[in-house]
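As a plain string of letters, each chain reads:
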Amino acid sequence: MKLIIVHYHLRPGGVRRIIELAAPHLVAQFDGRITDVILAGGEALDRKWNENFRQGLPGVRVTFCIEPVFKYLSEQRFSAALTRRIEAAVNRLLGDDGADDALVWAHNLGIARNLPLVDALTRACDERGITLVMHHHDWWFDNRWQRWPEMRRNGVRSLQAPARIVFPSSPGVRHAAINHVDAALLERQFPARTGWLPNLTEPMPPPSAERLRAAKDWLRHKLNDADAPVWILPCRLLRRKNIAEALLLTRWLRPEAWLVTTGDVSSEDERAYAEKFTAAAHAHHWRLRLGILAGDETRKPGVAELLAASEAVVLTSIQEGFGLPYLEAAAAGRPLVARALPNISPDLKRFGFHFPQLYDEILVDPRLFDWEAEQQRQQKLFARWRARLPAPCRPWAGTPVMLSRRAPQPVPFSRLTLTAQLEVLAQPAKPSWELCAPLNPELSGWKKRAGAGKLKSTPWPRTADRWLGGAAYAKRFAQLATGNARRPASASAALRAQAGFMREKLGAEHLFPLLWDLDT
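Quick caveat: nothing in here was measured; it's all calculated off a predicted structure. (Residues numbered from 1 in each chain as written. Predicted model: local features only at pLDDT ≥ 70, side-chain atom pairs only at ≥ 80, totals over all residues. Heavy atoms only, no water.)

A. How the structure looks around the nonpolar core. Within the largest apolar cluster, 153 residues are counted, with the highest numbers of intra-cluster contacts made by Val-104, Phe-167, Trp-231, Phe-277, Tyr-326 and Val-364. Top contributing element to this core by residue count: helix H9 (residues 243–253), with 8 residues. One finds Ile-5, Leu-45, Leu-103 and Leu-197 within the second-largest nonpolar core, a separate group that totals 34 residues. (Core = buried A, V, L, I, M, F, W, Y, C linked by side-chain atoms within 4.5 Å. Buried < 20%, exposed > 50% of the residue type's maximum accessible area, 1.4 Å probe, protein only. Helix = DSSP H or I, 4+ residues; strand = E, 2+ residues; numbered from the N terminus.)

B. Molecular detail of the environment of Val-313. Its location among the elements puts Val-313 in strand S11 (residues 312–315). What makes Val-313 buried here is its relative accessible area of 0%. Between the C-alpha atoms of Val-313 and Asp-465, which are 152 residues apart in sequence, the distance is 22 Å. Every residue in contact with Val-313, bar those within four places of it in the chain, is listed here: Ile-232, Pro-234, Leu-307, Ala-329, Arg-334, Pro-335, Leu-336 and Val-337. (Contact = heavy atoms within 4.5 Å.)

C. Broad picture of the sheet that holds strand S6 (residues 173–177). The strand order across the open sheet built from 7 strands is S3-S2-S1-S4-S5-S6-S7, with neighbouring strands paired in parallel fashion. Here the strands that pair on one side only, and so sit at the sheet edges, are strand S3 (61–66) and strand S7 (194–196). Each strand axis lies, on average, 20° off the axis of its neighbour in the sheet, ignoring direction. Across 4 bridges, strand S4 (residues 102–107) lies against strand S5 (residues 132–136) in parallel orientation. Paired with Val-104 across the bridge in S5 is Leu-132. Sitting on the sheet, helix H3 (residues 80–94) is in contact with strand S1 (2–6), strand S2 (36–41), S3 and S4, with an inclination near 150° to S1. Packing of helix H7 (residues 180–189) onto the sheet brings it into contact with S5, S6 and S7, and relative to S7 it is tilted by some 165°. (Pairing = 2+ DSSP bridges. Axes fitted to C-alpha atoms, helices over the stretch in contact; angles between N-to-C directions.)

D. Representation of the packing of H9 against helix H16 (residues 429–436) in the model. Between H9 and H16, the least distance of the axes is 9 Å, while the angle of their chain directions is 95°. Relative to H16, H9 is oriented roughly perpendicular. In this structure, H9 uses Arg-251, Trp-252 and Leu-253 to contact H16, whose residues at the interface are Ala-429, Ser-432, Trp-433 and Cys-436. Residues belonging to the contact of H9 with H16 are distributed by class as follows: 5 nonpolar, 1 polar and 1 charged. (Parallel < 35°, antiparallel > 145°, perpendicular 65-115°, else oblique. Nonpolar A, V, L, I, M, F, W, Y, C, P; charged D, E, K, R; others polar.)

Written out as structure tokens, the structure is:
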């Protein structure tokens, strides 16, 4: 049997990491039945990563299938001819295989970056009786509403089209969600065809003393600072990572530390954010290094080695499907300072994790930014954002925090535009801390512990293996993929599923100005 893995790309990030970790366990779970693994994507992959992936699957034929038409549609010129080329590429990928010969594991189709690919893949699998596991990491309607005008430009005329494609009624489709909140919403419409598949994470052996020393030396060289502690935010340069909040916390809690992020910009959608942030960092000489692993330098340490070489890990994302850095920090034995995300915290608790430096929001004093200008800015941005929503969804949009306040008062830093966040960061750290410390009482204790190098880390709980270990992951995957629910879903299930998600994701608690526009 062939295991065919499909993704738009395999750039560094969470999806690629899950694929490389999971594939050997899936091969083992199917007990010799998987003789071939085909990795299909839209662009040529990193040669070193390719070779490591091959070596992790001894005895299995590994093929890399590069089809440029599998890339994001925004990176191509849409036409009827492109749709035909996508269909032809999908048929080449599946060949004459049937239900007994192949299993397709496709990632992030729900983000709708190439709907013709999703449609062609679903129909081709359906024609051949092949099970298609649609592994949902993110959604196009979860603070990614710029996808809607993009879809309209590419021929989509109503909400029925993306619903039908992302939530197909085909009997062989299985839906895998990475958190319980999403899994519960899917299960309502697709019973017996939905699985909760939390990302596998296994604590790796700590790097050797030599590799740890090399990682620390590499950091010192890159930062040109021999003695300063390093706090690390393992992420690409994405607006949803809310990097300014990580910098604010680092400056308040550990002023002498450098904040380092690992990845670079991987999408043109994030270019304006990255450039604006980078320009501000240079202008103010902040102790910040963005995308430290970017570039083609050799002998770079891996993310795990950088985590081990850092004093603390920071995670300030306003949106995550699973939140791998929570577990990476625990696996590395490093203290974590992080936001408690409502769709992830219940799962972390179920896994057995307890993170001592977890917070809901960081409140900032309104005197640290131009309140009136920010309200006007948000009013314009929100009105423009709301107007871009599909018309049926507009009544579901809640009222953003800033726009619900008539007079200046403390507000969550995460609910500001990047412009206002940078205004706050432009203030000297000590006075801004003195203004905001009373608003965030838990931070004072963290600051004392950070200054003494005594932030608390989280041990890896024994209970986590039953949820996150490779064997447990592969067993859950196999149960979902081989289940015998072969009847098609209700014709209306797709619309109900999409509408349920949209109502949930448009609530006020999910509205963040950083995500309303590509430039805030």
